[in-house]
Amino acid sequence: MDKVSSDCPYPGCFFCVMKEGNPSKRRASILKFFRELPAQDDDGQVLPISGLWNTAMAHPNDPEFIELGIFECMAALIWKGLKNRRWLSHDQNIYIPYYAAHIIGSYTMNMEEFAESAVHAGVIPPLVELLRGRLTWVEQRVAVRALGHLATYASTFPAVASHGEILELSIQLATSSLEIVYSHFYQYVDRRLSYHCDLLTRGMGGVEMESRKAEEWASQLQCWSLQLINCFAFKPEFLPTICKPEFLIKLPGMWGGLVNENSPAGIGLLRTICHHKLGRGPVASCPGMIEALCNIARSSDDWQYMAIDCLLWLLQDPNTCHKVIDKAVPALIDLAEITTLGDHKKLGDSIVNVLQECIQSPGTGRNSLSNRTKELIEELLSSRQRLKWEKTMPKEDLHIKQAAALVVKLEGNSLFSSGNIAGAASKYSEALALCPVRSKKERVVLYSNRAQCYLLLQQPVAAISDATRALCLHNPLNRHAKSLWRRAQAYDMLGLAKESLLDAILFINECSQSNDPDLSLRQNKVPDYAERLVKKQMRAAWLFREAAIKHGGVHCEGDAGEIYGQETDDSEWETASESDIGNDGRDQMGDDDDDDDDSEWKNEDERKDKYDKPSVKGIN
């Protein structure tokens, strides 16, 4: 450390040390630097710390700095910032606790041996102080991230768990993180701490960019809190602390925004809880929980299988089955024709087997089920039996059934065209009864068409059910554009903004890739009606919406002074979106799958049977 570049103004400069050509001298100098840095009060300390942060982000698996004492140095710097406010406010030292905690988290996210070194270096107590909010939410964010990594490993989890307040603090942070960021940063532009703004945008953005990044960081703060809680949830002894009704009831809504797709989010934590019998009871008894799980199970996102797992485990547990079965069965039946979902093979078969056990199990008993639930399960089992019969049925007979179903479908199309929506829905039901179970492409069209009828009949629950069935039958799964759009509209009718938003976004994605001239986007332009729905639901599902309402709303810079947190008039949206469909979306009912060249339904008459959907205004 005695050798200093003639161009460097700082004695013992870390960057000069890193240029040392002799490896042994370089290591000795770095070791000395880490030992001496916390005791120094010189200006310019944030520069080497930010350099170390960049190195940790780029090379988190490199053991060199771990062996030379970086964890001890970072822990000492955090303590110094907590105890010495004069030093913290001097020069740019205010940044150092943030960078130090981030460095700890980066070096411990992949390597268990690094995490063990961090624990031995004493990083947990200062991280806990940051988690308590001893500084600001920015430091809480990186502290909960680092603690979450340490809690992931079997060898270091006990050290994290030994600090009993960590779980309680994480639960509080997951619940209040969005309000904290909103009230401490987002709401008042003129009160934002300058170092927060610099950290969020690296000095490259204005007020609008700061606000956007604040939403992303708030989402991460919540998601990383849930990740830490999830580590505790694998241990039964912590479930009583986690499974309190006031916390459980909020979990399904903790999506973390539309970023952090790799986070377990609230549904991932619920899945961990439901995996253990001690957690299933509180979940089954939580008001509104099963409805929320059913909505997520029907969704077309990466968390769908997690909700399905929760519902299946609750049904398989004799202590919870009777509490959830009447609410869970309709959703699971809609999903029973899923084949593969992610790593889940034959998921639909698993659903059918569980439902069959429910109706046959002495523990559940037929007398404890509602008549409607019994009918739904028996219809599903009957459909499976039909599929077995069809395998032995002569091809000629199958073609006759297909032809008969096609005739009835065309009758339904004709009724729909004439404005007899209820009659059309009835015909589509009749066609579904005739259509071979194995004819999946044809049934996609029938379910999707009937979903459209239910939409116009103002029956959104039935529309969601049919659109979901169409999406499960479609290949690839969950990518039938028109069913996505119809379900997005149905969710909108029910006020389920997040679900509607996801389907609308997926619909736009499918349009951009479709060969259907009625769906493909002209010059990659988003259809006006879809854009309006997305904007509406983004307002309704805005990450800070609840906090904004609680705190009186806030003007969002860069958006024409629009007031978030206050209701806006979207009364014109439904009619406008429907009238636009004739020009941009052409939401048709007849030959719904022109891109399926091998469909046995195609013939010249059906190709001519295309027509536009009447507007909602027209049928009112």
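Residues numbered from 1 in each chain as written. Predicted model: local features only at pLDDT ≥ 70, side-chain atom pairs only at ≥ 80, totals over all residues. Heavy atoms only, no water.

- In the annotation of an unreviewed UniProt entry, the entry for the protein chain reads Clathrin, heavy chain, and the organism field reads Trema orientale.

**Description of the overall build of the protein chain**
Now for step 1: A count of helical and extended segments in the protein chain gives 34 helices and 2 strands.
Now for step 2: By residue count, 54% of the 620 residues in the protein chain fall in the buried class.
Now for step 3: Look at the contacts in the protein chain between residues 6 or more apart in sequence, and 71% of them connect residues 24 or more apart.
Now for step 4: For the protein chain, the accessible area works out to roughly 27,000 Å², and carbon and sulfur atoms hold 50% of it. (Helix = DSSP H or I, 4+ residues; strand = E, 2+ residues; numbered from the N terminus. Buried < 20%, exposed > 50% of the residue type's maximum accessible area, 1.4 Å probe, protein only. Contact = heavy atoms within 4.5 Å. Areas by Shrake-Rupley, 256 points an atom, 1.4 Å probe, with all protein chains shown as cover.)

**Brief notes about the pattern of salt bridges**
Now for step 1: Tallied over the full model, the rule gives 27 salt bridges.
Now for step 2: Its salt-bridge partner being Lys427, residue Glu430 comes within 3.6 Å of it at the nearest N-O pair. You can see Glu430 and its partner Lys427 sitting in helix H25 (residues 421-434), 3 residues apart, about one turn around the helix.
Now for step 3: By relative accessible area, Glu430 is classed as partly exposed at 36%.
Now for step 4: Judged by relative accessible area, which is 22%, Lys427 ranks as partly exposed.
Now for step 5: Salt bridges linked by common partners bring Glu129, Arg132, Arg134 and Glu165 together as one network. (Salt bridge = Lys/Arg side-chain N within 4 Å of Asp/Glu carboxyl O.)

**A closer look at the packing of helix H10 (residues 137-152) against helix H12 (residues 165-186)**
Two measures define how a pair of helices packs: the angle their axes make with one another and the distance between the axes.
Now for step 1: Axis separation between H10 and H12 bottoms out at 10 Å; the angle between their running directions is 150 degrees. Seen from above, H10 lies across H12 with left-handed handedness. Taking contact as the criterion, the partners of Trp137, Gln140, Val144 and Leu147 in H10 are, on H12, Ile166, Leu173, Ile180, Val181, His184 and Phe185.
Now for step 2: Here the contact of H10 with H12 is composed, by residue class, of 8 nonpolar, 2 polar and no charged. (Axes fitted to C-alpha atoms, helices over the stretch in contact; angles between N-to-C directions. Left-handed = near helix turned anticlockwise from the far one by under 90°. Nonpolar A, V, L, I, M, F, W, Y, C, P; charged D, E, K, R; others polar.)

**Overview of the side chain of Asn478**
Now for step 1: Position of Asn478 among the secondary structure elements: in the loop between helix H27 (460-473) and helix H28 (481-493).
Now for step 2: For Asn478, a relative accessible area of 9% translates into the label buried.
Now for step 3: Separated by 3.0 Å, the side chains of Asn478 and Gln304 make a polar contact.
Now for step 4: Setting aside its immediate chain neighbours within four residues, Asn478 contacts Ser299, Ser300, Gln304, Leu471 and Leu484. (Polar contact = N/O pair within 3.5 Å; in protein donor to acceptor, adjacent residues only side chain to side chain.)

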